[in-house]
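Architecture and fold: a report
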Amino acid sequence: MITLPDLVETVVKIAFILGLTIGFYAPIIGWIERKQSAVMQDRIGGNRAAILGFTVIGLFHSLADAIKLIFKEDFVPRGAETALHRLAPVISVVPALIAFAVIPFGGTYNLWGHETRLVIADLDVGVLYVFAIASLATYGVVIAGWASNNNWSLLGALRAAAQMFSYEVAMGLTIIGLVMFYQSLSLVEIVDKQENFYHWGIIWHFPAFILFLTCAIAENKRIPFDTPEAESELVAGYFTEYSGMKFIMFWTAEFLEIVTISALCVTLFFGGHQIPFVTVSGLIDFLGFLGPNGANAAAMLIGVAVFIIKLTLLIMLQMSIRWTLPRFRYDQVMKLGWKMILPASLIWIFLVGAGILTGVMPAV
Amino acid sequence: MGVIDDSEQAEAVLSDSVIITQLDKVVAWGRQYSFFLYPFITACCGMEFMSVAGPRYDIDRFGAALPRFSPRQADLLMVVGTISHKQAPILVKVFNQMTEPKWVFAYGACTVSGGMYDNYATVQGIDTLIPVDIYVPGCPPRPEMVLDGLIKLQEQVVKERQTNRVKGIAPVGEADDRIVT
Ligand code: SF4
């Protein structure tokens, strides 16, 4: 039975997540990407777009891009499947957004007698849900490539499909060790078990983190795995025939996936909203001078802030990877996925199993 | 006051207080700082283009950094280098494939007038093929000149009426790869 406070709480949480991802991170990532590339190439980067004389270190260039793209011609090529051509960008964006539903961005707090858990949906099978949703994104890409009636689009889409499916297998396997360790598929439970700093995923599962991040970047088709949109070979890959707002939707999907990947990494490996050596109840006790409600609210804000800081650091890490490495050749991408990451993750599962059996790894 | 049928007239009557005018301004502001380039590079001017894009001169400062190799996503067609008659149909095709609004930047003496190639093989100025918005002569033009040209183009973009600006297809050749609506 859903009560009114529950409903209000859920709506607020959904609004917060949408605001955080689309409203905050999408433009900010666009800006970071631009500015970081400029800094890494010893350039200055966009700094001319100004509102009332303020440039905010080039942040308004993201705004200018958005305005221009909204008012750009909306183009459907001749011979394209019009309906599918319109639908594809939506199918790409939505999975990246709804994957966020199971990711906890804070702990449990008691506000004015109402138990508030900072996750939209606490599913028992959160990890599986994320993977299921992530594989839906493939449809957007494949439909975009097929509906465009363009050779490059189709080739890009086929590459993307092959690459995303291959890396999904490996990505799923890299997480198995973690699931064995925490004995749960619920992301909320996994975060709760990381209250003890010595049980953080990164400490016991560092190889899995490296493998997972590699697979996740490949799944997101970012450099060095951007063969589906390789400019020198495929013009712009599966979104060659998209202009204006539909084109920016593919970009947004890419940016949102960066956020989702980072959020998943934070949740699985970096303890979500947890601060090292500080428990949630300890934090609330420490803030006790604010009164019970004030202490809970302050602890909630601190938890969310810690989560966002970790998220941002991981996003920056992904950006640095993107601007550091050159693109793999297509066969190298496949070889890396099937011949290296997949066996490595299988070996890691074996090692974790042995570790748990012999008691080298602590029981959590 | 009578019926306002023409938007130009409406603008004059309603002055700056109405949202249409303001929308035009906002769009102009956005377009001015967000040129996605289509680098159509065929010859030696390309070296100088690299310099413009590189750290020293950094065209990204003006918001014109991102190259899109799909004409559908590009705004500014940078024609850099000699255009021979063999190359001309490709240039026209790329121009036709670009989505509105679009601008053309003639980069270097070759694109402006054919340059030193005053012969049967070279197009004597790309404005015989497609409408050009800004000419930057020089063989090759210095990066400062290119940046100056870009700033001038930005000023021009601000002055244009933004919301119903259509350039259409090139006056030469066939437009078989684009539905004109
Ligand atoms: S203008 Fe001069 S430098 Fe540029 S393409 Fe022509 S000949 Fe080469």
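A brief structural summary. For every chain, the first residue of the written sequence is number 1, and numbering continues from 1 along that sequence. To label them, take the chains in the order written and letter them from A, then take the ligands in the order written and number them from 1. For a predicted model such as this one, the threshold for reporting local features is a pLDDT of at least 70, and the threshold for listing and counting side-chain atom pairs is 80 or more; totals across whole chains, interfaces and linings nevertheless cover every residue. For side-chain calculations, the full set of non-hydrogen atoms in the structure is used, while hydrogens and water are omitted.

Things to note about the overall build of chain B
A tally of helices and strands in chain B yields 6 helices and 4 strands. When the elements of chain B are put in sequence order from the N terminus, they spell out α-α-β-α-β-α-β-α-β-α. Taken over 181 residues, chain B has a buried fraction of 51%. Throughout, the Shrake-Rupley method with a 1.4 Å probe supplies accessible areas, and for residues the shown protein chains are the sole cover considered. Total accessible area on chain B is roughly 8,300 Å²; 60% of this is exposed by carbon and sulfur atoms. Numbering of helices and strands runs from the N terminus, with a helix taken as a DSSP run of H or I at least four residues long and a strand as a DSSP run of E at least two residues long. Between buried and exposed lies partly exposed: a residue is buried under 20% and exposed over 50% of the maximum accessible area for its type, with that area taken using a 1.4 Å probe on protein chains only.

Brief notes about the site of the ligand
Residues in close proximity to the ligand include Ala43(B), Cys44(B), Cys45(B), Gly81(B), Thr82(B), Ala109(B), Cys110(B), Met116(B), Tyr117(B), Gly138(B), Cys139(B) and Pro140(B), which together make up its full environment. Just so you know the grouping, Ala, Val, Leu, Ile, Met, Phe, Trp, Tyr, Cys and Pro go in nonpolar, Asp, Glu, Lys and Arg go in charged, and all remaining residues, Gly too, go in polar. Classifying every residue of the shell around the ligand gives 9 nonpolar, 3 polar and no charged. The criterion for a residue being near a molecule or strand is simple. One of its heavy atoms has to lie within 4 Å of it.

A closer look at the pattern of salt bridges
Salt bridge, as applied in this entry: a Lys or Arg side-chain nitrogen positioned within 4 Å of an Asp or Glu carboxyl oxygen. All chains considered together, the criterion is met by 16 salt bridges over all chains. Among the salt bridges present, the one from Asp75(B) reaches Lys72(A), with a minimum N-O distance of 2.9 Å. Of the two residues, Asp75(B) sits in the loop between helix 3 (45–53) and strand 2 (76–80) while Lys72(A) sits in the loop between helix 2 (60–70) and helix 3 (82–98), which places them in two different chains. Accessibility assignment for this pair places Asp75(B) and Lys72(A) in one class, buried. A salt bridge links Glu144(B) to Arg142(B); its shortest N-O distance comes to 3.2 Å. Its relative accessible area of 46% is what places Arg142(B) among the partly exposed residues. Sharing partners across several salt bridges, the network here consists of Arg34(A), Arg43(A), Asp65(A), Asp58(B) and Asp60(B).

Concerning unusual backbone geometry
The residue after Glu100(B), namely Pro101(B), is reached through a cis peptide bond having omega -10 degrees. Along the chain, the position of Pro101(B) falls in the loop between helix 4 (88–97) and strand 3 (103–107). For the bond running from Cys139(B) to Pro140(B), omega is -10 degrees, close enough to zero to count as cis. On the secondary structure map, Pro140(B) appears in the loop between strand 4 (134–136) and helix 6 (143–159). At Gln183(A), a residue that is not glycine, the phi angle is positive and equals roughly 50 degrees. Tracing the backbone through its elements, the reader meets Gln183(A) in the loop between helix 5 (151–182) and helix 6 (187–193). Its relative accessible area of 55% is what places Gln183(A) among the exposed residues. Positive phi, close to 50 degrees, is recorded for Asp58(B), a residue that is not glycine. A residue is classified by how much of its surface remains accessible, and Asp58(B), at 1% relative accessible area, is buried.

Re the side chain of Asp133(B)
With respect to the helices and strands, the residue Asp133(B) is situated in the loop between helix 5 (109–113) and strand 4. The definition of a polar contact used here is a pair of N or O atoms within 3.5 Å, where within protein one atom must be able to donate a hydrogen and the other to accept one, and adjacent residues in sequence count solely through side-chain atom pairs. Within the local environment of Asp133(B), its side chain forms a polar contact with the backbone nitrogen of Val104(B), the two atoms lying 2.9 Å apart.

Focus: the packing of helix 1 (residues 4–40) of chain A against helix 2 of chain A
All names here are of chain A. Angles shown run from 0 to 180 degrees and are taken between the N-to-C directions of axes, each axis being a line fitted to C-alpha atoms and, for helices, limited to the stretch in contact. Contact geometry for helix 1 and helix 2: axes closest at 9 Å, N-to-C directions at 115 degrees. Judged by the sense of rotation from one axis to the other, the crossing of helix 1 with helix 2 is right-handed. Residue-level contacts link Pro-27, Gly-30, Trp-31 and Arg-34 of helix 1 to His-61, Ser-62 and Asp-65 of helix 2. Along the lines of polarity and charge, the residues of the contact of helix 1 with helix 2 split into 2 nonpolar, 3 polar and 2 charged. Crossings are assigned a handedness: left-handed for a near helix turned anticlockwise from the far helix by less than a right angle, right-handed for a clockwise turn. Residues count as neighbours in contact if any of their non-hydrogen atoms are within 4.5 Å of one another.

Points about the packing of aromatic side chains
Note on aromatic pairs: the rings of Phe, Tyr and Trp (six-membered ring only in Trp) are paired at centre separations within 6.5 Å, and the planes decide the class, stacked below 30 degrees, edge-to-face beyond 60, tilted for the rest. Under the defined criterion, the tally for this structure stands at 23 aromatic pairs over all chains. Among the aromatic side chains, those forming a connected cluster through ring pairs are Tyr238(A), Phe239(A), Tyr242(A), Phe247(A), Phe250(A), Trp251(A), Phe255(A) and Phe36(B). Taking the ring centre of Phe36(B) as reference, the NZ or CZ of Lys68(A) above it sits at 3.3 Å. Over a ring means this: the NZ of a Lys or the CZ of an Arg is within 6 Å of the ring centre and within 35 degrees of the ring normal. Sitting over the face of the ring of Phe95(B), Lys102(B) holds its NZ or CZ atom 4.2 Å from the ring centroid.

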